[in-house]
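Residues per chain are reported as follows:
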Amino acid sequence: MSIKYDVPVPIRALVDVLVTWRNSVFHELTDNLIASESRRALIDHALFIQANYHGLVVTDLASKAESGADLTFKEASSLISAAHKFVEVVDAAVLDHFDQRAFCLEAISDALDSRSSSVFASKFLKLNGDQRRRFVRNWLSNAFGFAEVPEEIVDACATLSRSERPR
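**Some points on the side chain of Ser24**
Okay, step 1: In this structure, Ser24 sits in helix α1 (residues 9-26).
Okay, step 2: Ser24 sits in the buried class, given a relative accessible area of 9%.
Okay, step 3: Within polar-contact distance, the side chain of Ser24 engages the side chain of Asn32 at 3.5 Å.
Okay, step 4: Polar side-chain contacts of Ser24 include one of 3.0 Å to the backbone oxygen of Glu66.
Okay, step 5: Residues in contact with Ser24, not counting those within four places in the same chain, are Asn32, Ala65, Glu66, Ser67 and Gly68.

Below, the structure is given as structure tokens:
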């Protein structure tokens, strides 16, 4: 499955600047160049960037990034803000396509079958009913950061046994 991320062009350009600047600072012996489409986007979207990134002027931004020159506070904070927006857009696209049920079933199955998770399997297999469902819910929350796991998913996970692959 392919996910379309739809990251706005000016944000992609600003993230390209940030990555290029970082690489120029930390990898001095490499040729770190801004992609030509990013250079074009900086020019084409200069007014948008200025309006949405605290008055950021992009005139010398690409050359500063390529040389690893010091960034002003406004430049650095604007690039970090663009990186946050980039992550927000990509996260939203990934979560729109995320199948929590399939993920949870596979995670429980893997933990049951894994030799390194023998503690998980022994605890899981000793519990029944509500205790096992509570264990599954807590484990998924602690191991993967789920704030909520729907009861249908908890129930499906709680009925798994070793070597039973999710359907």
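The discussion continues.
**Topic: the side chain of Gln100**
Okay, step 1: With respect to the element layout, Gln100 can be found in helix α6 (residues 100-113).
Okay, step 2: Gln100 sits in the buried class, given a relative accessible area of 18%.
Okay, step 3: Beyond its immediate stretch of four places on either side in the chain, Gln100 contacts Phe146, Glu148, Val149, Pro150 and Ile153.

**Concerning the packing of aromatic side chains**
Okay, step 1: Scanning the model with the defined rule gives eight aromatic pairs in all.
Okay, step 2: Their ring planes at 90° and their centres at 5.0 Å tell us that Phe103 and Phe144 sit as a pair that is edge-to-face. Taken together, the positions of Phe103 in helix α6 and Phe144 in helix α8 (residues 129-144) put the pair 41 residues apart, joining distant regions of the chain.
Okay, step 3: Judged by relative accessible area, Phe144 falls into the partly exposed class, the value being 37%.
Okay, step 4: Taking the centre distance of 5.3 Å and the plane angle of 35° together, the rings of Phe120 and Phe135 count as tilted. With Phe120 in helix α7 (residues 118-126) and Phe135 in helix α8, the pair connects residues that are 15 residues apart, well separated along the chain.
Okay, step 5: For Phe120, a relative accessible area of 7% translates into the label buried.
Okay, step 6: The class of Phe135 is buried, set by a relative accessible area of 17%.
Okay, step 7: Taken together, the ring pairs connect Phe98, Phe103, Phe120, Phe124, Phe135, Trp139, Phe144 and Phe146 into an aromatic cluster.
Okay, step 8: Here the basic side chain of Arg132 rests over the ring of Phe124, its NZ or CZ set 4.2 Å away from the ring centre.

Calculation notes
Residues numbered from 1 in each chain as written. Predicted model: local features only at pLDDT ≥ 70, side-chain atom pairs only at ≥ 80, totals over all residues. Heavy atoms only, no water. Helix = DSSP H or I, 4+ residues; strand = E, 2+ residues; numbered from the N terminus. Buried < 20%, exposed > 50% of the residue type's maximum accessible area, 1.4 Å probe, protein only. Polar contact = N/O pair within 3.5 Å; in protein donor to acceptor, adjacent residues only side chain to side chain. Contact = heavy atoms within 4.5 Å. Phe/Tyr/Trp six-rings, centres within 6.5 Å; stacked < 30°, edge-to-face > 60°. Lys NZ or Arg CZ within 6 Å of the ring centre and 35° of its normal.

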